[in-house]
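# Structural description and commentary
For reference, the chains in residue letters:
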Amino acid sequence: MDPAIRRQLLDAARAEAERGWQEGGIPIGAVLAQEDGTIVARGHNGRVQNGDPTSHGETQCIRNAGRRRDWKDLTLVTTLSPCPMCAGTAVLLGFRRVLIGERRSFEGAESWLLQAGIEVDCLDDPACLALMTRMQAEKPDLWAEDIGH
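Note that the structure is predicted; figures quoted are calculated from it, not measured.

## Re the sheet that holds strand β5 (residues 119–122)
What the five strands build is an open sheet, ordered β2-β1-β3-β4-β5; its pairing is mixed. Here the strands that pair on one side only, and so sit at the sheet edges, are β2 (39–44) and β5. Shown here is a sheet whose adjacent strand axes are inclined to one another by a mean of 15°, direction ignored. Of the strand pairs in this sheet, strand β1 (residues 29–33) and strand β3 (residues 75–80) are connected by four bridges, and their pairing is antiparallel.

Below, the structure is given as structure tokens:
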């Protein structure tokens, strides 16, 4: 995938993360895209807003994509390394690629993705890291509840 397209997709996922933060939730966002960069779905973490512990940015994005037959042609772009639930969903659906904003604040189950033959690329994006650093500083209880347990 073209580097400029990767950047645009990560920017879109980060905008979703910001939306979640503005709603009082956890700043993790995701988009699902075709190889040419066409976004087919967007989502952000809504576990605080929805009271649903499975409402992660990636799962919300996938739910918003609806029923599809082209999962293996799609790229999941997420602002944070995916947790075991989100990585497992990516493996189950067989995405082509998972593009990650950052993994410094939390490294999820990327090994599952790799074992399933899914391409994994981390952009180590400072803006994505800043989202999680801000959450850790401003809402440490929420960090502990969701990620740092």
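## Topic: unusual backbone geometry
Positive phi, normally seen in glycine, also occurs at D124, with a value near 50°. Take D124: it is sitting in the loop between β5 and α6 (126–138).

## Things to note about the side chain of T75
Within the secondary structure, T75 is located in strand β3. At a separation of 2.8 Å, a polar atom in the side chain of T75 contacts the side chain of R97.

## A few points about the nonpolar core
Counting 19 residues, the largest nonpolar core has L32, W71, L76, F95, V98 and L113 as the members making the most contacts within it. Going through the elements one at a time, β1, α3 (57–65), α4 (84–93), β4 (97–102) and β5 are the ones with two or more residues in this core. Broken down by element, the residue count for this core peaks at three residues, all from α3. Beyond its immediate stretch of four places on either side in the chain, W71 contacts L32, I62, A65, G66, L93, G94, F95 and R96. Among the nonpolar cores identified, the runner-up in size contains 11 residues, and A12, A33, L99 and C128 belong to it.

## A closer look at the packing of aromatic side chains
Per the stated rule, a full pass over the model turns up one aromatic pair. Here W71 and F95 contribute two aromatic rings whose centre-to-centre distance is 5.8 Å and whose plane-to-plane angle is 70°, an arrangement assigned as edge-to-face. One end of the pair, W71, is in the loop between α3 and β3; the other, F95, is in the loop between α4 and β4, and 24 residues separate them in sequence. Neither W71 nor F95 differs from the other in exposure class; each is buried.

Criteria and thresholds
Per chain, the residues get numbers from 1 upward, laid out in the order the sequence is written. Owing to the predicted nature of the model, reporting of local features is limited to residues with pLDDT of at least 70; listing and counting of side-chain atom pairs is limited to 80 or more, with chain, interface and lining totals taken over all residues. Values shown for side chains rest on all heavy atoms present in the structure; no hydrogens or waters enter the calculation. For two strands to count as paired, DSSP must find a minimum of two bridges between them. Helix and strand definitions here come from DSSP, where helices need a minimum of 4 consecutive H or I residues and strands a minimum of 2 consecutive E residues; each element is numbered from the N-terminal end. Simply put, an axis is a line fit to the C-alpha atoms, just over the touching stretch for a helix, and the angle between two N-to-C directions goes from 0 to 180 degrees. Polar contact criterion, stated in full: a pair of N or O atoms within 3.5 Å, where within protein one must be able to donate a hydrogen and the other to accept it, and residues adjacent in sequence count only if both atoms are side-chain atoms. Among buried residues, those of type Ala, Val, Leu, Ile, Met, Phe, Trp, Tyr and Cys that are joined through side-chain atoms within 4.5 Å constitute a nonpolar core. Throughout, exposure labels follow a simple rule: accessible area from a 1.4 Å probe, protein chains only, divided by the maximum for the residue type, with under 20% read as buried, over 50% as exposed, and the rest as partly exposed. Here a residue-residue contact requires only that any non-hydrogen atoms of the pair lie within 4.5 Å. What counts as a ring pair is set by centres within 6.5 Å for rings of Phe, Tyr and Trp (its six-membered ring), and what kind of pair is set by the plane angle: stacked under 30 degrees, edge-to-face over 60, tilted for all other angles.

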